[in-house]
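Analysis of the macromolecular model
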Amino acid sequence: MSSKQLLNRSVIGGLALLTGLYLLVFYWIVPRYRRPGQMSVVEALAMDMSTMRPPEGVMPVVTEVVQPGFFSVKVTYTGSVLPWSEEVVLARVTGRLTWMPYYAGDRIRKGQLVARLDNAGGEYAAREAQAQYEAIAALHERHMAEAEEEEGLAEQARAESEWKGARNARWEAESLLSEKEAMVKEAEKMVDRADALVAEAHAMVQVKESEIVSAQQTIAQLEAEKEEAEKDVESRQYEMDAAQAEMNYWSAEIERARRLYEAKAISRDEFQKEESQYEIAAAQLGKARTEGERAKKKVLSLQAAVAQAQAVLKQRTTERDAALQRLKMAQAEKEAALSRLNQARASLKAARARLRQARANESVALAAVEQARARLKRARRHILHAMALQGKAQSALTVARIIRGYTEIRALTDGYVLERLLSPGNLVSPGTPILKIGQLDRIRVQAFVAQRDMGKIRIGSRVFVRSLDGGSARPATVTAVFPMADAATRTGLVEAQLPNRNLRWLPGQSVILKIETEKHDHVLTVPNEALTQFNGQPAVWIAVGSEASEKVDYTCPMHPEVMRDQPGRCPVCGMDLVPKRVNPAIRRADSETVYTCPMHPEVQEKKPGRCPKCGMDLVPTKRQTAQTKVARIRLVRLGPTDGNRTVVLDSLQPGDEVIVKGWVNLRDGVPVKATEGKALMLPASRPAIGEGTGAVPPTHRH
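Residues numbered from 1 in each chain as written. Predicted model: local features only at pLDDT ≥ 70, side-chain atom pairs only at ≥ 80, totals over all residues. Heavy atoms only, no water.

Things to note about the overall build of the chain
On a plain count of helices and strands, the chain comes out with seven helices and 26 strands. Every one of the 702 residues in the chain was classed for burial, and the buried ones make up 32%. Of all intrachain contacts in the chain linking residues separated by at least 6 positions in sequence, the fraction that spans at least 24 positions is 75%. Carbon and sulfur atoms form 54% of the exposed surface of the chain, whose accessible area is close to 42,900 Å². (Helix = DSSP H or I, 4+ residues; strand = E, 2+ residues; numbered from the N terminus. Buried < 20%, exposed > 50% of the residue type's maximum accessible area, 1.4 Å probe, protein only. Contact = heavy atoms within 4.5 Å. Areas by Shrake-Rupley, 256 points an atom, 1.4 Å probe, with all protein chains shown as cover.)

So, the sheet that holds strand β3 (residues 95-99)
Within a beta sheet, neighbouring strands are joined by backbone hydrogen bonds and run either parallel or antiparallel to one another. Taken together, four strands build an open sheet; the order of strands is β6-β5-β3-β8 and the sheet is antiparallel. With partners counted over all chains shown, the strands left at the sheet margins are β6 (408-410) and β8 (427-428), one partner each. Across two bridges, the pairing between β3 and β8 is antiparallel. The partner of Arg96 across the bridge, within β8, is Leu427. (Pairing = 2+ DSSP bridges.)

Quick word on the nonpolar core
If you look at the biggest cluster of nonpolar residues, it comprises 21 residues, and the most contacted ones within it are Val465, Leu513 and Ile515. Of all the secondary-structure elements, those providing two or more residues to this core are β2 (69-90), β9 (433-450), β10 (462-467), β11 (470-486), β12 (491-499) and β13 (510-527). In terms of residues, this core owes the most to one element, β9, which gives five residues. With sequence-adjacent residues up to four places away left out, Leu513 is seen in contact with Val75, Thr76, Tyr77, Gly79, Val445, Ala447, Val463, Phe464 and Val465. Formed by 18 residues, the second largest nonpolar core is a distinct cluster that contains Ala91, Ile108, Ala411 and Ile434. (Core = buried A, V, L, I, M, F, W, Y, C linked by side-chain atoms within 4.5 Å.)

Description of unusual backbone geometry
The phi dihedral of Arg490 is positive, around 55°, even though this residue is not glycine. Here Arg490 is to be found in the loop between β11 and β12. You will see that Asn502, though not glycine, has its phi angle at about 60°, which is positive. Within the secondary structure, Asn502 is located in the loop between β12 and β13.

Concerning the packing of aromatic side chains
Within the structure shown, the criterion is met by two aromatic pairs. Consider the rings of Trp99 and Tyr102, whose centres lie 6.3 Å apart with planes at 80°: the pair is edge-to-face. Ring plane angle 75° and centroid distance 5.2 Å describe the contact between Tyr249 and Trp250, whose orientation is recorded as edge-to-face. Lying over the aromatic face of Trp99, Arg116 brings its terminal NZ or CZ to 5.0 Å of the ring centre. For Arg167, the ring lying beneath its charged end belongs to Trp163, and the centroid distance is 4.4 Å. (Phe/Tyr/Trp six-rings, centres within 6.5 Å; stacked < 30°, edge-to-face > 60°. Lys NZ or Arg CZ within 6 Å of the ring centre and 35° of its normal.)

Quick notes on the pattern of salt bridges
Two side chains that carry opposite charge are able to pair once their charged atoms sit near each other. Per the counting criterion, the structure on display carries 22 salt bridges. Among the salt bridges present, the one from Glu419 reaches Lys436, with a minimum N-O distance of 3.9 Å. On the criterion of sequence distance, the pair formed by Glu419 in strand β7 (residues 415-420) and Lys436 in strand β9 is long-range, its members being 17 residues apart. For Lys436, a relative accessible area of 24% translates into the label partly exposed. (Salt bridge = Lys/Arg side-chain N within 4 Å of Asp/Glu carboxyl O.)

Focus on the pairing of β13
Successive side chains on a regular strand alternate, one facing one side of the sheet and the next facing the other. Of the strand pairs in this sheet, β2 and β13 are connected by eleven bridges, and their pairing is antiparallel. Bridging across to β13, Ser72 finds its partner in Lys519. Two elements, β10 and β13, share five bridges in a ladder whose sense is antiparallel. For Phe464, the partnering residue across the bridge sits in β13 and is Lys514. Direction of pairing for β13 relative to strand β24 (residues 645-648): antiparallel, over a ladder of four bridges. Residue pairing in the sheet places Thr525 in a bridge with Val647 of β24.

Topic: a nonpolar patch on the surface
Taken together, the side chains of Leu17, Leu18, Leu21, Leu24, Val25, Trp28 and Ile29 define a hydrophobic patch exposed on the protein surface, amounting to about 640 Å² of accessible area. The partly exposed category is assigned to Leu24, whose relative accessible area is 38%. (Patch = residues over 30% accessible without salt bridge, like charges linked within 9 Å, V, L, I, M, F, W, Y side chains within 5 Å.)

Concerning the pairing of β9
Note: β2 against β9, eleven bridges, orientation antiparallel. Residue Gly79 lies in a different strand from β9, and its bridge partner there is Ala447. Bridging between β7 and β9 involves four bridges; their strand directions are antiparallel. Across the sheet, the residue bridging to Tyr416 is Gly438, located in β9. Strand direction decides the pairing type here: β9 and β12, joined by nine bridges, are antiparallel. Among the inter-strand pairings, Phe448 is bridged to a residue of β12, identified as Leu493.

Digging into the environment of Ala137
Of note, Ala137 is situated in helix α4 (residues 123-262). With relative accessibility at 48%, the residue Ala137 sits in the partly exposed group.

Some thoughts on the side chain of Glu657
Structurally, the position occupied by Glu657 is in strand β25 (residues 657-661). Given a relative accessible area of 12%, Glu657 falls into the buried group. Separated by 2.6 Å, the side chains of Glu657 and Thr63 make a polar contact. Within polar-contact distance, the side chain of Glu657 engages the side chain of Lys629 at 2.4 Å. Each residue touching Glu657, except ones within four places of it in the same chain, is listed here: Thr63, Glu64, Val65, Trp541, Ile542, Ala543, Lys629 and Ala674. (Polar contact = N/O pair within 3.5 Å; in protein donor to acceptor, adjacent residues only side chain to side chain.)

Some remarks on the environment of Gly455
Mapped onto the elements of the fold, Gly455 is located in the loop between α6 (451-454) and β10. Under the relative-accessibility criterion, Gly455 is labelled partly exposed at 47%. Residues Gly455 and Thr517, 62 residues apart in the sequence, show an inter-C-alpha distance of 8.9 Å.

Topic: a negative patch on the surface
There is a patch of like negative charges on the surface, built from Glu227, Glu228, Glu230 and Glu234. Mapped onto the fold, Glu234 is located in helix α4. We classify Glu234 as exposed; its relative accessible area is 59%. (Lys, Arg positive; Asp, Glu negative; His and termini not counted. Charge placed at Lys NZ, Arg CZ, Asp CG, Glu CD.)

Honestly, it's all geometry; don't read function into it.
Laid out in structure tokens, this is it:
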């Protein structure tokens, strides 16, 4: 077919007709006659039917309002009861057990006689008698040695008394010698001071003589300067008189020149010359007066200086006379000091002779003291020897009595008989156990704890102890954490102590220990049965009131069950969340019915009609009450758990109402109503919440 045939009028007209019909149908007929909200064929084919759900009624649930409070994490282990302390009663000598009337459970007091042995046929009594005789002999020997000591003490006292007298005499001689030596030194110092005073007085006389000469020279110089200054005053007075006469002349001359100038008899230059001469004369007069005043002041100052110099001369003359008098007195003191020095030297010689005699007497007395001390030392060694013999004998006697006392066996602590190990009639030897006594008024509880919990337990941690048969738990604290672990079981030993009133617990009994590992204050917790999972993440259901439902929620266009209270992305498909606001105008009262579309649940009307999107008839929902709330799911971040409750770290606020039971078949936005837990029938199994997550455990476990 040629191009001319394709481009003929009929082909072109047919194409234009088809194009016009297409535009007429899709851009005028379809928009005009399609109902508002009705989907097109393409939109209907692209709609995800898996997200459509029929309208739901009110679901009964059990809720709990979360409030911040104290929360502690505890681990539970089975432990054993041990006595506070155990005493194994042992035989300490050889003998036959003749008496022991106590059995397991009997109360024993400290020091109570619990068993008796025979005395080996009187052997222990014979040993005791022999030891007693030896002790008496040793005591007699000690008395004899003590008598020798008393004699030695008396002799030593006499010798020491004589030695003390000689020593006191030596001390007196030494004191006298020191006194005389001090007197000699003092006399020598006095002589030296007298020499110094004489030299000082002589020097002072010479100084004053030189000062007198200097003062006389100063007066002569000042007199000469005063005469010169008086001549200068006369000269200055002459100059001042001449300057005054010159000033008087030019004063009269300047007045005459001013009158002539005013009369224009002379020129301005001539007047200014006259005026300058007048100023020169005034300046010379001022200078002369100044120089005259200065010359007069100089004369006055020189007169004052002369008077002051004459006063100094008079003072220096008086001081020289005083210095001459002191020189005479110093020479007299020097002669007296030399006389005292000679007397002190004679006394020092006599004191030295007396000290030599006192030292000789002291040496003789000291030799007598040493001899007395040596005799006393021999007596005391004799006493020590006697005391050693007595101690040996007394020790032997004590040992004999102790050994004989070992035949009576007594308890060392209070407690109860735990086990009777022997019966009367058996022959025992030292170290043979007879009874086991334990203190049960206070007990120790021990448990083997896994390694994962050992690092969280500290001395002082709280413990709650409960017996296996039930009953209330008793609080205690951890008193010991043994610093080693069992290589086979990977466990460590933890111990707590607590009182055991009325013997509630017995040794060997199994108990349950709940040990506190963590403490948190002001945290939010929820029951573990309220925890679920959404797309592999922990979550909880909460019941939101009608006033809270009026806020803007954000949902995914492809997954309407995803609800958030702020913008974000869908955790399932990653699409942006879009706002979804429930129309406040359709909030219903207690007796109001709401009509919705089975295919579009977000479409809600107050009266019957058709869906504006798909044209289906709207159907009524179940009537709700004012107590009806809406279920919302929230992803949470979990903290520690104690097996019953778990800490929620975020996404919950104090006062939120968490759904504890009845959340298995819930969907986001479904109306719920709180009811009593006993009236709620729960299903046998609780499936996980999430899209395509498989068999995900619904509860959170640590």
